[in-house]
Amino acid sequence: MAIKNVTDQDFAQETSEGVVLADFWATWCGPCKMVAPVLEEIDSEMGDKVTIAKVDVDENKETAGKYGVMSIPTLMVFKDGEQVEQVVGFQPKEALVELLEKHIS
């Protein structure tokens, strides 16, 4: 599957089914740029089991505020619309894969 750019308007719908990794990021954020290729790899390897949704915090302040995003990148795992995990800062691929695999049934 492809990585989706989601907005305040479609965030709830995009995270409502299955396992979704939401990446709260911004264009000016260095660590966010470091995590982007990691997410591309995860998408190419696990894209049939996981959806990756990118949320630009500068353009989608409502969603970022709702989930209390204070630092970026913040990566949240949603399962069927419920937030089940959250990590802040750059994470290596192995850590993110492990985080996701706990919620893939």
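Residues numbered from 1 in each chain as written. Predicted model: local features only at pLDDT ≥ 70, side-chain atom pairs only at ≥ 80, totals over all residues. Heavy atoms only, no water.

**Thoughts on the UniProt feature "active site" (unreviewed entry) in the protein chain**
Under the UniProt annotation, "active site" (unreviewed entry) lies at Cys-29 and Cys-32. Of note, Cys-29 is situated in the loop between strand 2 (19–25) and helix 2 (30–46). If sequence neighbours within four positions are ignored, Cys-29 has contacts with Ile-72 and Pro-73. Tracing the chain through its elements places Cys-32 in helix 2. (UniProt positions renumbered as here; feature names shortened; annotations may be inferred. Helix = DSSP H or I, 4+ residues; strand = E, 2+ residues; numbered from the N terminus. Contact = heavy atoms within 4.5 Å.)

**Details of the UniProt feature "site: Deprotonates C-terminal active site Cys" (unreviewed entry) in the protein chain**
Following the UniProt record, one finds the feature "site: Deprotonates C-terminal active site Cys" (unreviewed entry) at Asp-23. Sequence-distant contacts of Asp-23, that is, excluding residues within four places in its chain, are made with Val-35, Leu-39, Ala-53, Lys-54, Val-55, Pro-73, Thr-74 and Leu-75.

**As for the sheet that holds strand 5 (residues 82–88)**
Reading across the sheet, the five strands line up as 1-3-2-4-5 and stay open at both edges, with mixed pairing between neighbours. Edge positions in the sheet fall to strand 1 (4–6) and strand 5, since each has one partner strand and no second. On average, adjacent strands in this sheet sit at an angle of 25° to one another, irrespective of strand direction. In terms of strand pairing, strand 4 (residues 74–79) meets strand 5 through six bridges, oriented antiparallel. Paired with Phe-78 across the two strands is Gln-83, which belongs to strand 5. The sheet contacts of helix 2 involve strand 2, strand 3 (50–56) and strand 4, and relative to strand 3 the element is tilted by about 155°. (Pairing = 2+ DSSP bridges. Axes fitted to C-alpha atoms, helices over the stretch in contact; angles between N-to-C directions.)

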